[in-house]
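Summary of structural features
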Amino acid sequence: MIKKIKSYFCPKREEKKDFSSFFNRASEAEKRKLMEDVARKANEDQRNLIERYERTNHKIA
């Protein structure tokens, strides 16, 4: 009975999972880890793109 009363008066709020909420609530270490991971993946994508470009360029020439 008490649980029902508490749930009625104090409903649990769902935590937002969007990008701005993360940056408002996350610690500096979490933010840094995320940004390093994003930069690492972007660099890998760029390398893959350049490698594909070079492979196609060498076949044509």
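Up top is the structure.
Let me sum up the structure you'll find in this document.

Rules and cut-offs
- Starting from 1, residues in each chain are numbered consecutively following that chain's sequence as written.
- Per-residue local features are limited, in this predicted model, to residues with pLDDT of at least 70; the limit for side-chain atom pairs, both in listing and counting, is 80 or more; totals at the level of whole chains, interfaces and linings are taken over all residues.
- Derived side-chain values reflect all non-hydrogen atoms in the structure, with water molecules and hydrogen atoms excluded from consideration.
- Helix numbering and strand numbering both begin at the N terminus, where a helix is a DSSP run of H or I of at least 4 residues and a strand a DSSP run of E of at least 2.
- Between two residues, a contact is recorded if the distance between any of their heavy atoms is within 4.5 Å.
- The criterion for an aromatic pair is that two Phe, Tyr or Trp rings (for Trp, the six-membered ring) have centres within 6.5 Å, with stacked assigned to planes under 30 degrees apart, edge-to-face to planes over 60 apart and tilted to the rest.
- Working definition: with a 1.4 Å probe on protein chains only, accessible area under 20% of the residue-type maximum means buried, over 50% means exposed, and in between means partly exposed.

Position of Lys 31 among the secondary structure elements: in helix H3 (residues 28-60). If near-sequence neighbours (up to four positions away) are discounted, Lys 31 is found in contact with Phe 22, Phe 23 and Ala 26.

Before going further, it helps to spend a moment on the packing of aromatic side chains. Counted under the stated rule, the structure contains one aromatic pair. Taking 5.4 Å as the distance between ring centres and 90° as the angle between the ring planes, the aromatic pair formed by Phe 22 and Phe 23 counts as edge-to-face. The partly exposed category is assigned to Phe 22, whose relative accessible area is 30%.

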